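The primary structure of each chain is shown beneath.
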Amino acid sequence: MLYKRSSALFQEAKKYIPGGVNSPVRAFNAVGGEPIFVKKAKGAYLYDEDDNQLIDYIASWGPLILGHAYEPVINAVIEKAKKGTSFGMPTEIETELARLAVKMVPNIDKIRFVNSGTEACMSAVRLARGYTGKDKIIKFAGCYHGHSDSFLIQAGSGAVTFGSPNSPGVTQGTAKDTLLADYNDLNGVQKLVEANENEIAAIILEPVAGNMGCIIPSREFIQGLRELCTAHGILLLFDEVMTGFRLGRGGAQEVLGIDADIVMFGKVIGGGLPVGAFAARSEIMSYLAPEGPVYQAGTLSGNPLAMSAGLAMLTALNDNPKIFNSLAEKTEYLHKGIAQVLTEKDIPHQINRMGSMISVHFTDEPVTDFASSAKGNNERFKKYFHGMLAKGVYLPPSAFESYFLNDAISYEDLDATIAAVRTLDL
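Residues numbered from 1 in each chain as written. Predicted model: local features only at pLDDT ≥ 70, side-chain atom pairs only at ≥ 80, totals over all residues. Heavy atoms only, no water.

## Details of the nonpolar core
Stage number 1. Grouped together as the largest cluster of nonpolar side chains are 110 residues, with contacts concentrated most on Tyr-57, Phe-140, Val-189, Phe-245, Leu-317 and Tyr-384.
Stage number 2. Counting residues per element, this core draws most heavily on helix H10 (residues 304–319), which supplies nine residues.
Stage number 3. Not counting residues up to four positions away in its chain, the partners in contact with Phe-140 are Leu-180, Ala-181, Asp-182, Tyr-183, Val-189, Ile-203, Ile-204, Leu-205, Phe-221 and Leu-225.
Stage number 4. Grouped together as the second largest cluster of nonpolar side chains are 21 residues, Phe-151, Ile-204, Ile-262 and Met-264 included. (Core = buried A, V, L, I, M, F, W, Y, C linked by side-chain atoms within 4.5 Å. Buried < 20%, exposed > 50% of the residue type's maximum accessible area, 1.4 Å probe, protein only. Helix = DSSP H or I, 4+ residues; strand = E, 2+ residues; numbered from the N terminus. Contact = heavy atoms within 4.5 Å.)

Pasting the structure below:
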């Protein structure tokens, strides 16, 4: 495939935008080469500026669960835009979307809409600190909760040390209140809690991780976190920006059978427009302004266009919950097909999957946390990515990202994808 126009557009973008992109993973630094510029999309397919058609396995990193340009969403946005794009005042549709979200998700009474997953996670941590009166949080290596300062923290020198910033601009003062643990390591979390007794406000995690590939929590780990939080007066925060309304109607809480204290949403809840949200039981949400002392605000929060897109998307999922089974079956089919080909080629691999999230890791060892994910053969992944792209299959341009299937993908598309893997020289 030729990407002449994409290449020219990238060179022009670099003159005016840092790195030529507005989010770093788009720059293809992890896989080499230059990014593809998209002109349009429909259903399961992307069409780039050189008119190449690509089967899409990122779905805008998750939100487009029913495919690109899903007509009920598009029509809802168009009709709402005719009446105005933003008011900075309450609208009825905010309540409609809130009512539906609360109906679909277990263990929440109220929800506050924001503009991104980053904003949702940042606000949820502030609320947790305000509610508990404690300062510290525990996060997990490899879990991404947006680019707020509290989350850009790397490991210290031992299991109970403070973290240190891994981005310039994040202060040591901020870093000292963030403790880092390893995903699926309950013992490590227990040590942190014991070493910081009565100081930890919250434990935050992706209940099914998607930013070190798809990583599934062990039952012991996720159940143990819930019990540990309950015993020590710590709030359990589920970052369901990826998993919310994707793994099931009620997200990871429903699928895993674990109640979090605060849940954060993004992606699907906005139907492809910028929306985030955080939700909890009434007694926690009552600490939020204007009812309580914890301040959070935003001019575009509850934007009517975004609310209309989210309402159309969630209505479709609520009315047809079989979509989640359909997506899971397609993802399983893809898993089995790729695994068979890689096994035949005698290529070491691990494939992790839950629902419509899946990732391929080129390693012999099970992938259960960031450290094991990082052991994958990145040079082989680069060949895999570019080989698939040449065959018309667009995968996440990073070995540390989950695929997100959309329901517009057909079994013919899945067969074409598996056949493309078979052609590769890895």
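## Points about the sheet that holds strand S3 (residues 53–56)
Stage number 1. With mixed pairing, four strands are arranged side by side in an open sheet as S1-S2-S3-S15. At either margin of the open sheet sits one strand with a lone partner, and together these are strand S1 (38–42) and strand S15 (393–394).
Stage number 2. Looking at chain direction, S1 and strand S2 (residues 45–48) are connected through four bridges and run antiparallel. Considered in S2, the bridge of Val-38 is made with Asp-48. (Pairing = 2+ DSSP bridges.)

## Digging into the packing of helix H11 (residues 322–344) against helix H14 (residues 411–423)
How two helices sit against one another is set out by the angle between their axes and by the gap between those axes.
Stage number 1. Between H11 and H14, the shortest axis-to-axis distance is 9 Å and the interhelical angle comes to 20 degrees. Considering their axes alone, H11 and H14 lie roughly parallel with respect to each other. When the axes of H11 and H14 are compared, the crossing they make is right-handed. Across the interface between the two elements, Glu-329, Lys-330, Tyr-333, Leu-334, Gly-337, Ile-338, Val-341, Leu-342 and Glu-344 from H11 touch Tyr-411, Leu-414, Asp-415, Thr-417, Ile-418, Val-421 and Arg-422 from H14.
Stage number 2. Looking at the contact of H11 with H14 residue by residue, the class counts come to nine nonpolar, two polar and five charged. (Axes fitted to C-alpha atoms, helices over the stretch in contact; angles between N-to-C directions. Parallel < 35°, antiparallel > 145°, perpendicular 65-115°, else oblique. Left-handed = near helix turned anticlockwise from the far one by under 90°. Nonpolar A, V, L, I, M, F, W, Y, C, P; charged D, E, K, R; others polar.)

## A short note on the environment of Gly-19
Stage number 1. Examined against the element boundaries, Gly-19 turns out to sit in the loop between helix H1 (4–13) and S1.
Stage number 2. On the basis of relative accessibility, which here comes to 45%, the residue Gly-19 falls in the partly exposed class.
Stage number 3. When the C-alpha positions of Gly-19 and Asn-29 are compared, they lie 9.9 Å apart, and in sequence the two are 10 residues distant.
Stage number 4. Discounting chain neighbours no more than four positions away, the residues touching Gly-19 are Phe-10, Lys-14 and Ala-27.

## So, the packing of aromatic side chains
Stage number 1. In this structure the tally under the stated criterion is 12 aromatic pairs.
Stage number 2. Aromatic pair Tyr-57 and Tyr-403: ring centres 6.3 Å apart, planes at 55 degrees, arrangement tilted. Of this pair, Tyr-57 sits in the loop between S3 and helix H2 (71–81) while Tyr-403 sits in strand S16 (residues 403–404), and the two are 346 residues apart along the sequence. In this pair, the class of Tyr-57 matches that of Tyr-403, namely buried.
Stage number 3. Aromatic side chains Phe-385 and Tyr-394 sit 6.2 Å apart centroid to centroid with 75 degrees between the ring planes, which places their arrangement in the edge-to-face category. Per residue, the accessibility class of Phe-385 equals that of Tyr-394, and both read buried.
Stage number 4. Here the aromatic cluster, defined as three or more aromatic residues joined through ring pairs, consists of Phe-28, Phe-385 and Tyr-394.
Stage number 5. A cation over a ring is seen here: Lys-40 above Tyr-47, with NZ or CZ 5.4 Å from the ring centre. (Phe/Tyr/Trp six-rings, centres within 6.5 Å; stacked < 30°, edge-to-face > 60°. Lys NZ or Arg CZ within 6 Å of the ring centre and 35° of its normal.)

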